[in-house]
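Structure at a glance
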Amino acid sequence: MLKAEFTKQLPEFDLQAEFKMDREIVAIVGPSGSGKTTFLNCLAGTVSPDMGRIELGGRVFAEEGGKPLRIQDRRVGYLFQDYALFPHMTVRENILFGLPGQPEPSHVRELTELLGIRPLMDKYPHEISGGEKQRTALARALAMKPELLLLDEPFSALDDETRLRCRNELMRIHRDWQIPVLMVTHSMDEARRTADRIVRIEKGRMAELPIREASL
Amino acid sequence: MTVPDLSPLALSLRVALLSTVLAAVTGIALARFMGRREFPGKSAAEALILLPLVLPPTVVGFGLIMLFGVNGPIGRLLEDWFGIRVVFTWAGAVIASFVVSLPLMYQSVQAAFEKVDPRWENVARTMGVSEWRIFRKVTFPLAWPGILAGLVLAFARGLGEFGATLMIAGFIPGETVTVPLAIYFSYEAGRTGEAMFWVVLITLLGLAAITWLNGWRRKTSRRRGRE
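Residues numbered from 1 in each chain as written. Chains lettered and ligands numbered in written order. Predicted model: local features only at pLDDT ≥ 70, side-chain atom pairs only at ≥ 80, totals over all residues. Heavy atoms only, no water.

An unreviewed UniProt entry lists chain B under the name Molybdenum transport system permease, from Bhargavaea cecembensis DSE10. The record in UniProt for chain B states the following under Function (unreviewed entry): "Part of the binding-protein-dependent transport system for molybdenum; probably responsible for the translocation of the substrate across the membrane." Under the Subcellular location (unreviewed entry) heading, UniProt states for chain B: "Cell membrane". (UniProt positions renumbered as here; feature names shortened; annotations may be inferred.)

Chain A is annotated in an unreviewed UniProt entry as Fe(3+) ions import ATP-binding protein FbpC from Bhargavaea cecembensis DSE10.

Quick look at the structure:
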């Protein structure tokens, strides 16, 4: 269970997060500049909230008066908007960067087979397509066996066919791994097709959209 | 024309290499520290690092004599504790070269670190990777082209250092005479041919360094492509 209740000052308004989720896929929608990415950053720890509390499965990430938990210790997988693959490392080195000096674990092998990126393992990011980058970044985010997966606009740079394929893979991984997946998107259509629940952020305020209403 | 005594070249290379190593270690540590910390007096500290860039080398030399001279605070400490004398030795030349090349190294490294997208470091953190490993495997390799440019600049500046070196290390043939000093004093003594020899040699060295750096940059930017 992820529980996040915090505020974070942004240039034009305050992000006021009040959010709970279980092992489901939740989509965060909203116009650009509404605080979606900041919300993810606070959960991952790359940004610290000003006030409030974040906890995941009983582990406290941040609370008032306490030192925030190091990003390294949160076990949160994060897929950045344009993937942020390390340009000087191969696909294999990217995926295994958090697991140095170990032979490739079986879950990574299964993951890369499922995502169809085995043939690319020795290629560099500039040698592969957008969809392949997305799958590499997804495998990298999952290689550490995170307890929460954050996805920032995971499909926005993909063509329709690749998007459909990547979305199906994500949903399959979610079914197999049973971890909470929190996905930021600006596309209501994508949110409806992928998520169990949809939360809308506007000017820093969060509100749950009934999934039926969202699909109308 | 007979080939002149080559000791200035050997000394110059030794001084420039050592001062470059010192400037690299110090410059990288300082740039890293300054890039990640905010503290009162930070801009004053930064100005102090960059100061030798805008001061006449004789002013730097004068300052170094005050600090490292036999009666200077650091000079006395070095002599009492380690028996090292800096003034009128080649160690003085290394310190002079270090002080004038540090600002160049610092600026290059700082710019190189700033160009490394912080998202790469953050991704690595979410993967549980320690800060030291992130620095070694992500930040440093991605900043390397800028760091290398800083190394070449620092080496060239160290090789060419004249004013501060003359003041702190003096003109002691075979001991403190680097190529720039050899050029000045052989010309002064009317040995124009010898001065010319050193001028041509140092110009060729500089050209070779720049050509190599440019070639290397083209090669690596081609290899890395665009992310």
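Moving on, we come to the overall build of chain A. Secondary structure summary: chain A contains seven helices and ten strands in total. For a compact globule of 216 residues, the expected C-alpha radius of gyration is about 17 Å, and chain A comes in at 17 Å, within 12% of that figure. Expressed along its principal axes, the backbone C-alpha trace of chain A runs to roughly 45 × 45 × 30 Å. For chain A, the residues scored as buried account for 54% of the 216 residues in total. (Helix = DSSP H or I, 4+ residues; strand = E, 2+ residues; numbered from the N terminus. Rg over C-alpha atoms; globule rule 2.2 N^0.38 Å. Buried < 20%, exposed > 50% of the residue type's maximum accessible area, 1.4 Å probe, protein only.)

Residues and elements named next belong to chain B. Assignment of secondary structure puts phenylalanine 98 in helix α5 (residues 90–115). A relative accessible area of 18% means that phenylalanine 98 is categorised as buried. Dropping the residues within four chain positions of it, phenylalanine 98 is found in contact with Ser19, Leu22, Ala23 and Thr26. (Contact = heavy atoms within 4.5 Å.)

What follows covers the packing of helix α2 (residues 42–54) of chain B against α5 of chain B. Residues and elements named next belong to chain B. Running from N to C, α2 and α5 point in directions that differ by 120°, and their axes come no closer than 7 Å. Classified by the angle between their axes, α2 and α5 sit oblique to one another. In this structure, α2 meets α5 at a crossing whose hand is left-handed. Every residue of α5 that contacts α2 at Glu46, Ile49, Leu50, Pro52 and Leu53 is listed here: Val99, Val100, Leu102, Pro103, Leu104, Tyr106, Gln107 and Gln110. By residue class, the composition of the contact of α2 with α5 is ten nonpolar, two polar and one charged. (Axes fitted to C-alpha atoms, helices over the stretch in contact; angles between N-to-C directions. Parallel < 35°, antiparallel > 145°, perpendicular 65-115°, else oblique. Left-handed = near helix turned anticlockwise from the far one by under 90°. Nonpolar A, V, L, I, M, F, W, Y, C, P; charged D, E, K, R; others polar.)

As a further point, take the UniProt feature "domain: ABC transmembrane type-1" (unreviewed entry) in chain B. UniProt records the feature "domain: ABC transmembrane type-1" (unreviewed entry) at residues 9–211 of chain B, using the numbering of this structure. Helix makes up 81% of residues 9–211 of chain B and strand makes up 0%, while its end C-alpha atoms are separated by 21 Å.

For the rest of this paragraph, the subject is the interface of chain A and chain B. Listed as interface residues are 23 residues of chain A and, on the opposing side, 23 residues of chain B. With both sides pooled, the region where chain A packs onto chain B buries about 2,200 Å², and carbon together with sulfur makes up 65% of that total. Considering only the surface of chain A that becomes buried against chain B, Gln72, His88 and Phe97 of chain A emerge as the three largest contributors, covering 29% of it. The interface formed by chain A and chain B contains one salt bridge. Linking chain A with chain B are six residue pairs in polar contact (both at pLDDT 80 or more), by the criterion used here. (Buried area = accessible area lost by both parts, 1.4 Å probe. Salt bridge = Lys/Arg side-chain N within 4 Å of Asp/Glu carboxyl O. Polar contact = N/O pair within 3.5 Å; in protein donor to acceptor, adjacent residues only side chain to side chain.)

Turning next to the UniProt feature "transmembrane region" (unreviewed entry) in chain B. All names here are of chain B. Here, UniProt's "transmembrane region" (unreviewed entry) annotation points to residues 47–70, 82–106, 138–156 and 195–216. Helix makes up 83% of residues 47–70 and strand 0%, whereas the separation of the span's terminal C-alpha atoms amounts to 28 Å. Secondary structure content for residues 82–106 is 72% helix and 0% strand, while the C-alpha to C-alpha distance between its ends is 29 Å.

One rule of thumb: low pLDDT means the predicted coordinates there are not for detailed reading. On average, chain B scores 91 in pLDDT, and the residues at 70 or more come to 96%. Considering each helix and strand of chain B separately, the mean pLDDT is smallest for helix α10 (residues 192–224) of chain B, with a value of 85, and largest for α5 of chain B, with 95. (pLDDT = per-residue confidence, 0-100.)

Residue and element names in this part refer to chain A. As judged from the four bridges shared by strand β3 (residues 25–29) and strand β9 (residues 197–202), these two strands associate in the parallel manner. The residue of β9 that forms the bridge with alanine 27 is isoleucine 198. With five bridges connecting them, β9 and strand β10 (residues 205–209) associate as antiparallel partners. By the bridge assignment, glutamate 202 is partnered in β10 with arginine 205. The hairpin formed by β9 and β10 contains two residues between the paired strands, and lysine 203 there has a positive phi angle of roughly 45°. (Pairing = 2+ DSSP bridges.)

Of all hydrophobic cores here, the largest spans 60 residues; its most connected members are Phe19, Phe39 and Leu182 of chain A. Ile25, Tyr83, Ile117 and Ile179 of chain A belong to the second largest nonpolar core, which has 37 residues in total. (Core = buried A, V, L, I, M, F, W, Y, C linked by side-chain atoms within 4.5 Å.)

Attention now moves to the environment of proline 11 of chain A. Residue and element names in this part refer to chain A. Looking at where proline 11 falls in the secondary structure, it is placed in the loop between β1 (2–9) and β2 (14–21). On the accessibility criterion, proline 11 (85% relative accessible area) is exposed. Distance from proline 11 to leucine 111, taken between C-alpha atoms, is 40 Å for residues 100 residues apart in sequence.

Side-chain positions along a regular strand alternate between the two faces of the sheet. Residues and elements named next belong to chain A. As paired elements, strand β4 (residues 51–56) and strand β5 (residues 59–62) share three bridges and run antiparallel to each other. When the sheet's bridge partners are listed, glutamate 55 is paired in β5 with valine 60. Counting the residues in the hairpin turn of β4 and β5 gives two residues, including glycine 57, whose phi is positive at 55°.

This next bit is on the pattern of salt bridges. On inspection of all chains with the given rule, the structure shows 27 salt bridges over all chains. Measuring nitrogen to oxygen at the nearest pair gives 2.3 Å for the salt bridge that ties arginine 119 of chain B to aspartate 82 of chain A. Taken together, the positions of arginine 119 of chain B in helix α6 (residues 118–126) and aspartate 82 of chain A in the loop between β6 (76–79) and α2 (91–96) put the pair across two chains. With relative accessibility at 23%, the residue arginine 119 of chain B sits in the partly exposed group. Put simply, arginine 85 of chain B and glutamate 79 of chain B hold a salt bridge, and the shortest N to O gap is 3.4 Å. On the basis of relative accessible area, glutamate 79 of chain B is assigned to the partly exposed category, the value being 30%.

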